[in-house]
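Examination of the molecular architecture
Here are the chains, one letter per residue:
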Amino acid sequence: MTPRRVVIIGGGFAGLFAARALRRSPVAVTLIDRRAHHLFQPLLYQCAAGILSEGQIARPLRAVLRRHTNVRCLLADATDVDVKGRAVHARRPEGGSVVVPYDDLIVAAGMRQSYFGHDEFAAHAPGMKTLEDALEIRRRIYRAFEMAESATDARDRRHWLTFALVGGGPTGVELAGQIREIAGHTLDREFRTIDPLKARVLLFEGADKVLAPFGDRLAGRAARALRDLGVELHLGTRVTDLDERGLTVKERDGTTTRHPARTVLWTAGVEAPPIAGALARATGAGQDGAGRIAVEPDLTLPGHPEIRVVGDVMALDHLPGLAEVAMQSGAYAGRAVRHAVEARTKKPKPFTYVDLGSAAYISRGRAVVKAGPVHLSGVVGWLAWLFIHIAFLTGFRSRLGAVLSWAVVFASGARRERAFVLPGTGPAQQDGVTAALREP
Ligand SMILES: Cc1cc2nc3c(=O)[nH]c(=O)nc-3n(C[C@H](O)[C@H](O)[C@H](O)COP(=O)(O)OP(=O)(O)OC[C@H]3O[C@@H](n4cnc5c(N)ncnc54)[C@H](O)[C@@H]3O)c2cc1C
């Protein structure tokens, strides 16, 4: 008998947990992802900041799923869904297309960075969603200190030593803390012309507080911790223009201010990837303002019990874009398919999210954690952050490697993963240089 065909679009937390829930089912799963790796997004900023390597936060999907013999991984970009013909159309990375038929479809495509209609900002201010983003941010951060060191003009040097971050959510806060730590702990004693400690970090946020979802108390503590670190908070501001030399913001009182900065990083918003729009058009499903797809309480689409949408790209009860939501919804969708295959007569209960809380790292020994009524900050928050991240990293080796890297950074400030490549210095440019700044 031909096994039931399950197609999963996306190998993030949601897609992976859906595939895992189907491990013992007599189904043939095809997991389509445009990248060959599963990415641990919550630690992207640590890769960008030179603490963790690419390999510590990204693992090949086929390696993660090697024991799931009913799963086939396909490196392709899903472009459309033929709802009538029950098939996903996808583009292979080196050209050519594939059509993958399904009996059940689980869409777990996540969200991507949004520049709120100003896509032209992206060239000057990378976002933080992919491994490529993290490596680009790492390049820009460490390059800025090098450029400041060789600058002959004091104003130019000042601008290279100014870092602007847009977005006061966890990622913006974490990156701001990291840059101040790099300046204060990692790079001290390494430069001869500049004093890295003089690096300014400006954090722009439209709301009147950072980390607003953590509540007033923790948001206040996070703001204090950031200011203690030397981060300059610009709350209630909106970016109106941005280029390679800095950004212009509209202040609360309506005036505009220009801030020169040679490194601008963007962590402000998200939007659904194009496949979400294609699915909505094909099925008539609703989408929220950011393009997330509205689902029924059992995560299916109205009139399409064979299609489920899970993780960040699903819109249900205003659930936040958190790894835990993705894991739980993905696992639920996988189990629902398993129930259907096993022809269980009882309809599965609607999806309910069990809130395990959220955390944001600020600096060495300082983090905020909110889990229901439990609010932690300072060293206790940091220990809780550590425990949560060790528990959720995929695989024993990633855990051990991350713990060792954190111990080194915590004890000495040293970061091992500072290598970056400058564009135009590849093999084609014989006299180019690759800046490899690994610590001895
Ligand atoms: C910088 C950062 C920090 C975060 N920190 C935290 C945190 O501390 N705690 C927390 O709980 N959450 C955190 N999150 C959120 C968390 O990572 C997300 O909620 C989670 O990754 C969502 O999982 P997902 O599977 O829905 O989507 P994703 O993990 O985004 O995975 C989507 C997958 O789909 C693939 N894909 C997309 N479109 C296509 C297509 N057309 N064809 C094929 N493949 C496609 C992508 O390549 C990707 O692999 C953070 C996110 C970021 C970006």
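Residues numbered from 1 in each chain as written. Predicted model: local features only at pLDDT ≥ 70, side-chain atom pairs only at ≥ 80, totals over all residues. Heavy atoms only, no water.

Tallied over the entire structure, the rule returns 11 aromatic pairs. Taking the centre distance of 5.7 Å and the plane angle of 55 degrees together, the rings of Phe121 and Trp266 count as tilted. Linking Phe121 in the loop between β10 (112-114) and α5 (131-150) with Trp266 in strand β17 (residues 263-266), this pair joins segments that are 145 residues apart in sequence. In this structure Phe121 comes out as buried when scored by relative accessible area, which is 2%. In this structure Trp266 comes out as buried when scored by relative accessible area, which is 3%. Through a chain of ring-to-ring contacts, the aromatic side chains of Tyr45, Tyr361, Trp385 and Trp406 assemble into a single cluster. The ring of Phe17 has Arg20 lying over it, and the distance from NZ or CZ to the ring centre is 5.4 Å. (Phe/Tyr/Trp six-rings, centres within 6.5 Å; stacked < 30°, edge-to-face > 60°. Helix = DSSP H or I, 4+ residues; strand = E, 2+ residues; numbered from the N terminus. Buried < 20%, exposed > 50% of the residue type's maximum accessible area, 1.4 Å probe, protein only. Lys NZ or Arg CZ within 6 Å of the ring centre and 35° of its normal.)

All right, on to the site of the ligand then. Ala14, Asp33, Ala78, Asp312 and Ala323 are the nearest of the 29 residues found near the ligand. Contact between the ligand and Ala78: a nitrogen atom at 2.8 Å from a main-chain N or O atom of the residue. When the ligand sits alone it has 990 Å² of accessible area, and the protein chains cover 91% of it. Considering only residue class, the shell around the ligand consists of 15 nonpolar, 8 polar and 6 charged. Two domains each put at least three residues into the shell around the ligand: domain 1 (4-113 + 270-341) and domain 2 (115-268). (Near = heavy atom within 4 Å. Polar contact = N/O pair within 3.5 Å; in protein donor to acceptor, adjacent residues only side chain to side chain. Areas by Shrake-Rupley, 256 points an atom, 1.4 Å probe, with all protein chains shown as cover. Nonpolar A, V, L, I, M, F, W, Y, C, P; charged D, E, K, R; others polar. Domains from an automatic or database assignment.)

With domains assigned, the protein is organised as domain 1 (4-113 + 270-341) and domain 2 (115-268). Using C-alpha coordinates to define each centre, domain 1 is positioned 32 Å away from domain 2. In total, domain 1 and domain 2 occlude about 1,700 Å² of area from one another, counting both sides; carbon and sulfur atoms represent 59% of this. When the buried surface of domain 1 facing domain 2 is broken down by residue, Tyr45, Ala48 and Gln113 rank first, second and third, together holding 40% of it. Counting across the interface, domain 1 meets domain 2 through 2 salt bridges. The partner of Arg138 in a salt bridge is Glu54, with the nearest N and O atoms 3.8 Å apart. Between domain 1 and domain 2 we count 5 residue pairs in polar contact (both at pLDDT 80 or more) in total. Elements with a contribution of two residues or more to the side of domain 1 that touches domain 2: β3 (37-39), α2 (44-48), α3 (54-57) and β10. (Buried area = accessible area lost by both parts, 1.4 Å probe. Salt bridge = Lys/Arg side-chain N within 4 Å of Asp/Glu carboxyl O.)

Right, let's get into the pattern of salt bridges. Taken as a whole and assessed by the stated rule, the structure comprises 22 salt bridges. Across the pair Glu132 and Arg35 runs a salt bridge, and its minimum N-O distance is 3.2 Å. Of this pair, Glu132 sits in helix α5 while Arg35 is found in the loop between β2 (27-33) and β3, placing the two residues 97 residues apart along the sequence. In this structure Glu132 comes out as partly exposed when scored by relative accessible area, which is 43%. Judged by relative accessible area, Arg35 falls into the partly exposed class, the value being 28%.

Looking at the element boundaries, Glu174 is found in helix α7 (residues 170-186). It turns out Glu174 is buried and unbridged, and the closest side chain with the opposite charge, Lys129, is 12 Å from it. At a separation of 3.1 Å, a polar atom in the side chain of Glu174 contacts the main-chain amide nitrogen of Tyr361. Non-local contacts of Glu174, meaning those with residues more than four positions away in its chain, are made with Tyr45, Ala359, Ala360 and Tyr361. (Lys, Arg positive; Asp, Glu negative; His and termini not counted. Contact = heavy atoms within 4.5 Å.)

The subject of this paragraph is the UniProt feature "domain: FAD/NAD(P)-binding" (unreviewed entry) in the protein. Those residues carrying the UniProt feature "domain: FAD/NAD(P)-binding" (unreviewed entry) are residues 5-330 in this numbering. The distance separating the terminal C-alpha atoms of residues 5-330 is 17 Å; by composition the span is 30% helix and 30% strand. (UniProt positions renumbered as here; feature names shortened; annotations may be inferred.)

A separate point is the packing of helix α1 (residues 13-21) against helix α10 (residues 323-341). Running from N to C, α1 and α10 point in directions that differ by 30 degrees, and their axes come no closer than 7 Å. As α1 runs across α10, the sense of the crossing is right-handed. Together, Phe13, Ala14, Phe17, Ala18 and Ala21 of α1 and Ala323, Ala326, Met327, Gly330, Ala331, Gly334, Arg335 and Arg338 of α10 make up the contact between the two elements. Residue composition of the contact of α1 with α10, by class: 9 nonpolar, 2 polar and 2 charged. (Axes fitted to C-alpha atoms, helices over the stretch in contact; angles between N-to-C directions. Left-handed = near helix turned anticlockwise from the far one by under 90°.)

So, about helix α8 (residues 215-229). If you check α8, its first and last C-alpha atoms are 21 Å apart, about what 15 residues at 1.5 Å a residue would give, namely 21 Å. For α8, the complete set of buried residues consists of Leu218, Ala219, Ala222, Ala223, Ala225, Leu226 and Leu229. Take α8 and look down its axis: the buried residues cluster within an arc of 165 degrees, on one side only. In α8, the exposed residues that point more than 90 degrees away from the buried face are Asp216, Arg217, Arg224 and Asp228. Tucked inside the fold, the buried residues of α8 contact α7, β12 (200-205), β13 (231-235), β23 (358-363), β24 (366-371) and β25 (374-376). One or two positions beyond α8, positive phi appears at Gly230, with a value near 105 degrees. (Expected span 1.5 Å × (residues − 1). Arc of directions from axis to C-beta.)

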